[in-house]
Amino acid sequence: MYDIKETFRANSVPEALELLRAHPGAIPVCGGTDVMIHLKERKLRQAALVGIMDIASLQGIYLEQTGDLFIGSGTCFDSIYQNPLARACVPMLADACNQVGSPQIRSVATIGGNLCNGAVSADSVPSLLVLNAELELTSLEGKRVVKAVDFHTGPGKTVLETDRELLTGIRIPKASYEGHGGKYLKFGQRNAMEIATLGCAVNCALSPDGTIRDFAIAFGVAAPRPIRCAKAESLMLGRRPTGALLKELRRAVLLECAPRESWRASLELRTQLIQELAERASRCAIEHAGGSLDD
Ligand SMILES: Cc1cc2nc3c(=O)[nH]c(=O)nc-3n(C[C@H](O)[C@H](O)[C@H](O)COP(=O)(O)OP(=O)(O)OC[C@H]3O[C@@H](n4cnc5c(N)ncnc54)[C@H](O)[C@@H]3O)c2cc1C
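Here's a quick rundown of the structure. Keep in mind that what you see is a predicted model, and the values were worked out from it rather than measured.

Moving on, we come to the side chain of S73. Note that S73 resides in the loop between strand 5 (69-72) and helix 3 (77-82). Classification of S73 as buried rests on a relative accessible area of 4%. For S73, the contacting residues outside a window of four places in its chain are L58, T110, I111, G112, L167, T168 and G169.

Here is the structure:
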């Protein structure tokens, strides 16, 4: 059923990178929840697979000395959702991880695989975008850091050099979560085992006078790649959160999105979801940041 030419299991990042170099075209596998589907559907043939699931350095979540939160790329969604640090620092991301697939999927599917498959519907990505996450890409030549917002280049496409690089970790700056409130909302036709028809994440912080000090909004499935809406964000800064402001936001985000029709949703539905999720996620994020809406 699976057309697999050979398999390897690496115990360290250098070993995995050496295997990728020695076997051109080989594919890293972590949770395998995407790769195995591709094999089953015979989109992958004569595959050479490099298992990276045993690499200890890709697992876990910790605070760096700077207070930035580091998440190993091989950490599965359930481990992120259950992790006290993740829940305390980035509850929005922890909740997003808990909305992926089913308990069985969440216990093996990893945040690194969710980024590297380039899916525009990936549930962890909008939260990573609004948290200004940085992605650590490692090759045999060294490391480079790419902002999550610059990682996706199109449907299923990223800047990862798949033949010679691994995503080794995700760093969330302290300045992006401390004093902030956030919310990820996913719309699907049902609650479980559902790929997002649309996803929206908002992260914000308020000044002591109640005005908006920091505001970030990102969407999945609202354009050919996950996006932030920079112009809409600047519209919010320094303003008092009101129902009227959120109506302005609804119109502003549409100008930066490029939704399309698909079998999951018509263009009209996606357009409505963009506005509705932007408003609802913003309301929640403002409340989580300690504010309230003056209507
Ligand atoms: C039944 C089912 C339901 C699902 N539901 C959802 C859902 O609701 N929301 C959602 O977002 N996704 C969903 N998915 C998709 C999938 O579970 C995720 O995309 C998952 O996060 C992929 O992680 P993985 O570790 O399984 O990746 P893998 O299958 O191991 O790899 C995926 C891709 O990323 C590459 N890769 C993996 N790790 C690395 C790394 N560290 N460095 C470089 N390349 C790497 C692989 O080479 C491969 O190309 C679902 C999948 C299934 C089968």
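Among the nonpolar cores identified, the biggest contains 38 residues, and I71, V90, L93, L128, I170 and I172 are the most heavily contacted of them. Those residues in contact with V90, other than ones at most four positions away along the chain, are L69, L85, L131, I172 and Y177. Core analysis: the second largest hydrophobic core is formed by 29 residues, V202, A252, I274 and A278 among them.

What follows concerns unusual backbone geometry. You will see that Q46, though not glycine, has its phi angle at about 50°, which is positive. Relative to the elements of secondary structure, Q46 occurs in the loop between helix 2 (35-40) and strand 3 (47-51). Even without a glycine there, the phi angle at V221 is positive, about 70°. When you line up the elements, V221 lands in the loop between strand 13 (212-220) and strand 14 (227-228). Judged by relative accessible area, V221 falls into the buried class, the value being 12%.

A separate point is the site of the ligand. Every one of the 33 residues lining the ligand counts as a neighbour, but P28, C30, T33, T110 and D123 are closest to it. Taking P28, its main chain carries an N or O atom lying 2.6 Å from an oxygen atom of the ligand. With respect to the ligand, the backbone of V35 contributes an N or O atom lying 2.9 Å from an oxygen atom. Burial of the ligand by the protein amounts to 88% of the accessible area it has alone, namely 990 Å². Secondary structure elements with two or more residues in the shell around the ligand: strand 2 (27-29), helix 2, helix 7 (111-116) and strand 10 (166-172). Split by residue class, the shell around the ligand holds 18 nonpolar, eleven polar and four charged.

Right, let's talk about helix 1 (residues 13-22) for a bit. Residues of helix 1 that are buried include every one of V13, A16, L17, L19 and L20, and no others. Down the axis of helix 1, the buried side of the element spans an arc of 155°, and every buried residue falls inside it. Counted as exposed and oriented over 90 degrees from the buried face of helix 1: R21 and A22. Residue S12 occupies the N-cap position of helix 1, its side-chain oxygen lying 3.1 Å from the main-chain nitrogen of E15.

Our next topic: helix 11 (residues 243-256). Its 14 residues place the ends of helix 11 21 Å apart at the C-alpha level, agreeing with the 20 Å of an ideal helix rising 1.5 Å per residue. If you check which residues of helix 11 are buried, you get G243, L245, L246, L249, R250, A252 and V253.

Turning to the environment of F151, a few remarks are in order. With respect to the helices and strands, the residue F151 is situated in the loop between strand 7 (142-147) and strand 8 (152-154). Overall, F151 belongs to the buried group, its relative accessible area being 0%. Residues F151 and M1, 150 residues apart in the sequence, show an inter-C-alpha distance of 33 Å. Here F151 is in contact with L115, C116, L135, L137, V146, K157, T158, V159 and L160, once residues within four sequence places are set aside.

Procedures and definitions
- Residues numbered from 1 in each chain as written.
- Predicted model: local features only at pLDDT ≥ 70, side-chain atom pairs only at ≥ 80, totals over all residues.
- Heavy atoms only, no water.
- Helix = DSSP H or I, 4+ residues; strand = E, 2+ residues; numbered from the N terminus.
- Buried < 20%, exposed > 50% of the residue type's maximum accessible area, 1.4 Å probe, protein only.
- Contact = heavy atoms within 4.5 Å.
- Core = buried A, V, L, I, M, F, W, Y, C linked by side-chain atoms within 4.5 Å.
- Near = heavy atom within 4 Å.
- Polar contact = N/O pair within 3.5 Å; in protein donor to acceptor, adjacent residues only side chain to side chain.
- Areas by Shrake-Rupley, 256 points an atom, 1.4 Å probe, with all protein chains shown as cover.
- Nonpolar A, V, L, I, M, F, W, Y, C, P; charged D, E, K, R; others polar.
- Arc of directions from axis to C-beta.
- Expected span 1.5 Å × (residues − 1).

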